[in-house]
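Architecture at a glance
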Amino acid sequence: MTSASPVPGADLDPESGSAAGSDTPAAGSEGGASTPASTRRAGRLGLEVLLVLGVSLGISALYSWVNFLDIQTRGGFRNATATLNPSESPRAWVDLSYQLLGLLNAIVPALLALLLLSRVPALPGFGIGLDRLRLKRETLQGLGFAALIGVPGLGLVILARHLGINAELQASGLAEVWYRYPVLILDGIQNGVLEEIVIVGYLLTRLREMNWPAGRAILISALIRGSYHTYQGIGGFIGNLIMGALFGWWFTRTKRVLPLIIAHSVIDIVSFVGYAALHGRVSWL
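Calculation rules
- Residues numbered from 1 in each chain as written.
- Predicted model: local features only at pLDDT ≥ 70, side-chain atom pairs only at ≥ 80, totals over all residues.
- Heavy atoms only, no water.
- Phe/Tyr/Trp six-rings, centres within 6.5 Å; stacked < 30°, edge-to-face > 60°.
- Buried < 20%, exposed > 50% of the residue type's maximum accessible area, 1.4 Å probe, protein only.
- Helix = DSSP H or I, 4+ residues; strand = E, 2+ residues; numbered from the N terminus.
- Lys NZ or Arg CZ within 6 Å of the ring centre and 35° of its normal.
- Expected span 1.5 Å × (residues − 1).
- Contact = heavy atoms within 4.5 Å.
- pLDDT = per-residue confidence, 0-100.

Centre-to-centre distance and the angle between the planes together describe a pair of aromatic rings. Under the counting rule described, the total for this entry stands at 6 aromatic pairs. Here Phe 68 and Phe 77 contribute two aromatic rings whose centre-to-centre distance is 5.4 Å and whose plane-to-plane angle is 35°, an arrangement assigned as tilted. Judged by its relative accessible area of 2%, Phe 77 is buried. Note on Phe 145 and Trp 250: the rings are 5.2 Å apart at their centroids and 85° apart in plane angle, and the pair reads as edge-to-face. Highlighted residues: Phe 145 in helix 4 (residues 135-163) and Trp 250 in helix 7 (residues 234-254), separated in sequence by 105 residues. Assigned by exposure class, Phe 145 and Trp 250 land together as buried. Through pairs of rings, three or more aromatic residues link up here, namely Trp 65, Phe 68, Phe 77 and Phe 237. Lying across the ring of Tyr 181, Arg 180 places its NZ or CZ 5.8 Å from the centre. Above the face of the Trp 212 ring, Arg 216 is positioned so that its terminal group lies 4.9 Å from the ring centre.

The subject of this paragraph is helix 6 (residues 214-227). Its 14 residues place the ends of helix 6 20 Å apart at the C-alpha level, agreeing with the 20 Å of an ideal helix rising 1.5 Å per residue. Those residues of helix 6 lying buried are Ala 217, Ile 218, Ser 221, Ala 222, Ile 224, Arg 225, Gly 226 and Ser 227. In the core, the buried residues of helix 6 are packed alongside helix 1 (36-54), helix 2 (57-72), helix 5 (180-209), helix 7 and helix 8 (258-278).

Now for the confidence of the model for the protein. Put simply, the protein has an average pLDDT of 86, and 86% of its residues get 70 or more. By mean pLDDT, helix 1 is the weakest element of the protein at 88, and helix 6 is the strongest at 97. Ignoring residues within four places in sequence, the model shows residues 1-32, a span with pLDDT below 50, making 32 contacts including any to other chains.

Written out as C-alpha cells, the structure reads:
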C-alpha cells in the first residue's frame, strides 16, 4: 500500500512532517535527539504492539503460563498430556466448520500485522521480505532451517518427556475422517504464517523503529515464543526459546521472513501428519 506525497520524491513522516528516511534532524532537535513528535510516535507504536500481541500470541502466552502453573501445582508434567489439533465435535460437518473457523481466527492477526506494516510506503514485501524475489533460494533455506531445528527439536521433546518435565504430546487429536490430513497441513501452514509474521517480522520491525537494541528485541521475541509453548512443559519452552533466538537473529540480519515461514510450516506439517500416520505403529510415538 502506498500513499501520495505532496512533494515529488519525498514521503512525509505523518508524525514529524519531515521526509521519511531523511537523516536530517527535525526542526527543534539537537543532533538528532528525541523530539516530542518522535516520542509520541514511539508511544503509539508501543501501544500498537501491545494490541497486536493482545489479540494474538501475547494472550496465548498468558494462557499458557496459567496452564503451566496449574499443571505444576497438580503434580507436574510427568502425567500430563497436551493434545494439539483436537476434534471439536463427533459430527464431521460441525467439526470441520470449527476447524476452518479456528484457522481463520488464527490467521487474522497476521493479516492485521501486515496491514499495519503496509502503512510505511515504498517498502516491498511489507518491509519484512514477504515476497517472491528469492523464492527458490529462500525455499531451500527454509528446508535447511527445518532440518536444522526439527531433528534436534524432536530429540529434545523425547528427552524432556523422559525426564518428566514435558507433557506427553499428541500432535493430532483429529479423528480419522476425510479432511484429517488437509486440516493438519493447513494448520501447520497457519502456525508458520501467524508466528513468523507477528512474533518475528512485525514485532522485531516495530521494536527496531522504537530504537530497541537488537539483542534485547530478539530476546523478547524468543521469550514470547517460548512462553506460548509452556503448556507443553519446560522442554517446549526451552526448545522454542532457542528456535526464537535463531529466527530472530536471522531476521535481524537479513530482514527476510519467508524462509522462517517455510521452515516453521514444514516442521509443523511433518509433526502433525507424521504423528497422525504413525501413532500406534511406532512405539515411541
